[in-house]
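Single-letter residue listing:
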Amino acid sequence: MAALFESRRHADDADQRREYVRYLARQRGPMIHALMLVATLAYAVAAIASTFIRSSALPLPLRLAPLLPLLLVAVTARRASEPRHLSLLALLCVLLLEGGINLNSIGSVHGSGVMPGLLLPVASSVIWLARWDFLCAMALCALGPLPMLLIGDIDHTRVMQYLVYMCIAIMLSTVLRAFMARTLFAQFQLEQQLRERANTDDLTGLLLRNRFLELARRTLRELHQQQRPACLLYLDADHFKLLNDNHGHAAGDAALVALSRVLRGQARGTDLLARIGGEEFALLLPGLDLAQACRRAELLRQTVRQVERPDGPLTISVGVAACHLPHESIEALLARADQAMREAKREGRDRVISSRHPAAEQVN
């Protein structure tokens with residue numbers, strides 16, 4: 001049995017755990033909404049049918065009272081996107097169903113109407129997104145019908161029968177949820193791997209251009225809202241064509257791998273790093289002004305020189321551009337950094353050149 005829960009121990013990394021829960025919410029959201037609607041309809045049918053089977057101490061309109069809040073919960077769940085909100089709505093649905101079961105059991109012999117509550121743990125076992133909501137749901141399912149069983153003269157045999165059946169139902173629900181969690185986590189990992197391969201360069205492991213631009217747009221938008229600076233480094237390996245022509249593409253690939261290793265080693269957790277194309281790379285530096293970015297670029301240039309290639313040290317030309325305008329796009333920032341990098345090439349390579357302020361360029 002322990003092997004069934006091994007998949008739940010994947011959450012060593014908080015970001016991965018949050019992403020997995022969001023993935024579950026996206027996958028299970030439509031199913032949760034559909035089950036809520038089915039549960040609402042089933043409750044209405046059961047409440048109406050019970051009037052033909054046995055008499056009740058409560059009138060039918062009162063026993064149908066949970067229908068309106070159940071429908072409201074189902075409609076709200078349709079629009080819920082946050083996993084926690086979805087879980088809370090699902091728990092509220094279970095609570096309303098338990099309350100309805102108790103209403104329909106009033107006046108029956110020894111709470112005979114509570115037995116449909118045994119279906120709830122199994123029926124809801126696959127919708128819970130995390131361990132906390134699953135445990136809360138199982139507690140609601142187990143304790144919800146007990147008041148009706150314990151009111152008046154207690155039938156100990158019936159109470160024991162209910163507890164045994166509920167334990168079986170909860171154990172079955174636990175096994176079903178464990179297998180479902182294991183399957184979904186394997187699918188989540190596979191999709192992550194495919195997405196990562198689609199968004200990263202096979203040789204260097206860095207972001208590809210399109211994915212870099214997508215993430216950079218989002219980052220710049222957040223930095224603009226926070227009124228924080230940002231700079232972009234655009235760098236190119238010097239004399240790379242000569243290296244490929246004289247020593248083969250294997251030597252060129254080795255140089256690119258070594259360069260990407262240096263870039264990753266000097267990048268912060270918030271930086272965005274990408275291979276733009278060929279031997280050209282981009283590094284977005286959130287929170288740094290132009291002076292700080294130039295110092296980072298110079299340190300990077302000096303570190304890269306320590307890498308040896310067959311024809312001498314590996315050198316890079318770096319262009320630095322600061323995002324000054326409130327709504328400057330990543331494409332415009334990249335173009336200015338690219339222009340500064342080409343200026344570094346013209347001035348002799350192996351150097352850092354910063355782009356001028358865009359306002360100053362317009363004046364000139």
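Residues numbered from 1 in each chain as written. Predicted model: local features only at pLDDT ≥ 70, side-chain atom pairs only at ≥ 80, totals over all residues. Heavy atoms only, no water.

**Section: the pattern of salt bridges**
Next up, step 1: In the structure shown here, the tally under the stated rule is 18 salt bridges.
Next up, step 2: A salt bridge links Lys 345 to Asp 238; the nearest nitrogen and oxygen atoms lie 2.9 Å apart. Of this pair, Lys 345 sits in helix 13 (residues 330-346) while Asp 238 sits in the loop between strand 1 (230-237) and helix 10 (240-247), placing them 107 residues apart in sequence. In this structure, Lys 345 and Asp 238 share a single accessibility class: buried.
Next up, step 3: Between Asp 350 and Arg 305 there is a salt bridge, with the nearest N and O atoms lying 2.6 Å from each other. On the criterion of sequence distance, the pair formed by Asp 350 in the loop between helix 13 and strand 7 (352-354) and Arg 305 in the loop between helix 12 (290-304) and strand 4 (308-309) is long-range, its members being 45 residues apart.
Next up, step 4: With relative accessibility at 34%, the residue Arg 305 sits in the partly exposed group. (Salt bridge = Lys/Arg side-chain N within 4 Å of Asp/Glu carboxyl O. Helix = DSSP H or I, 4+ residues; strand = E, 2+ residues; numbered from the N terminus. Buried < 20%, exposed > 50% of the residue type's maximum accessible area, 1.4 Å probe, protein only.)

**A word on a nonpolar patch on the surface**
Next up, step 1: Where nonpolar side chains cluster on the molecular surface, the patch consists of Met 160, Leu 163, Val 164, Tyr 165, Ile 168 and Met 171 and spans about 580 Å² of accessible area.
Next up, step 2: Relative to the assigned elements, Leu 163 resides in helix 8 (residues 156-199).
Next up, step 3: Under the relative-accessibility criterion, Leu 163 is labelled partly exposed at 35%. (Patch = residues over 30% accessible without salt bridge, like charges linked within 9 Å, V, L, I, M, F, W, Y side chains within 5 Å. Areas by Shrake-Rupley, 256 points an atom, 1.4 Å probe, with all protein chains shown as cover.)

**Side note on the packing of helix 1 (residues 14-53) against helix 8**
The angle between the axes and the distance between the axes are what describe a pair of packed helices.
Next up, step 1: As a packed pair, helix 1 and helix 8 sit with axes 11 Å apart at the nearest point and diverge in direction by 110°. Comparing the axis directions of helix 1 and helix 8 gives the class roughly perpendicular. Taken together, the residues of helix 8 that come into contact with helix 1 (itself represented by Gln 16, Glu 19, Tyr 20, Tyr 23, Leu 24, Gln 27 and Arg 28) are Met 180, Ala 181, Leu 184, Phe 185, Gln 187, Phe 188, Glu 191 and Gln 192.
Next up, step 2: Among the residues forming the contact of helix 1 with helix 8, the class breakdown is eight nonpolar, four polar and three charged. (Axes fitted to C-alpha atoms, helices over the stretch in contact; angles between N-to-C directions. Parallel < 35°, antiparallel > 145°, perpendicular 65-115°, else oblique. Contact = heavy atoms within 4.5 Å. Nonpolar A, V, L, I, M, F, W, Y, C, P; charged D, E, K, R; others polar.)

**Notes on the confidence of the model for the protein**
Next up, step 1: Across the protein, pLDDT averages 85, with 89% of residues at or above 70.
Next up, step 2: Segment residues 1-12: pLDDT under 50, and 22 contacts once partners within four positions in sequence are set aside and those in other chains are kept. (pLDDT = per-residue confidence, 0-100.)

**Some remarks on the pairing of strand 2 (residues 272-277)**
When a strand is regular, its side chains alternate between the sheet's two faces.
Next up, step 1: Summarising burial for strand 2: five of the six residues are buried, a large majority.
Next up, step 2: Inspection of the sheet shows strand 2 paired to strand 3 (residues 280-286) by five bridges, in the antiparallel sense. Residue pairing for strand 3: Leu 273 is matched across the bridge by Leu 283.
Next up, step 3: Between the antiparallel neighbours strand 2 and strand 3 lie two residues, among them Gly 278 with a positive phi of about 60°. (Pairing = 2+ DSSP bridges.)

**With respect to the side chain of Asn 102**
Next up, step 1: Its place among the elements puts Asn 102 in helix 4 (residues 83-105).
Next up, step 2: Those residues within four positions of Asn 102 in sequence are excluded, and the remaining contacts are Gly 144, Pro 145, Pro 147 and Met 148.

**Details of the nonpolar core**
General note: in soluble globular proteins, nonpolar side chains tend to be found buried as a group.
Next up, step 1: Core analysis: the biggest nonpolar cluster contains 34 residues, and Tyr 20, Met 36, Leu 97 and Trp 128 have the highest contact counts within it.
Next up, step 2: When contributions to this core are tallied by element, the ones reaching two or more residues are helix 1, helix 3 (67-79), helix 4, helix 6 (131-143) and helix 8.
Next up, step 3: Counting residues per element, this core draws most heavily on helix 1, which supplies nine residues.
Next up, step 4: Those residues in contact with Met 36, other than ones at most four positions away along the chain, are Val 73, Ala 74, Ala 77, Leu 89, Ala 90 and Cys 93.
Next up, step 5: One finds Leu 256, Val 304, Val 307 and Val 320 within the second-largest nonpolar core, a separate group that totals 29 residues. (Core = buried A, V, L, I, M, F, W, Y, C linked by side-chain atoms within 4.5 Å.)

**Examining the sheet that holds strand 7**
Backbone-to-backbone hydrogen bonds pair the strands of a sheet. The strands run either parallel or antiparallel.
Next up, step 1: Within the open sheet, the five strands sit side by side as 2-3-1-6-7. Their pairing is mixed. The sheet is open, and its two edges are formed by strand 2 and strand 7, each paired on a single side. In this sheet, neighbouring strand axes are inclined to one another by 20° on average, regardless of whether the strands run parallel or antiparallel.
Next up, step 2: For strand 1 and strand 6 (residues 316-322), the ladder comprises seven bridges, and the chain directions are antiparallel. Its bridge partner lying in strand 6, Leu 233 is registered against Val 320.
Next up, step 3: Here helix 13 sits on the sheet and contacts strand 1, strand 3, strand 6 and strand 7; the angle it forms with strand 6, its principal contact strand, is near 140°.

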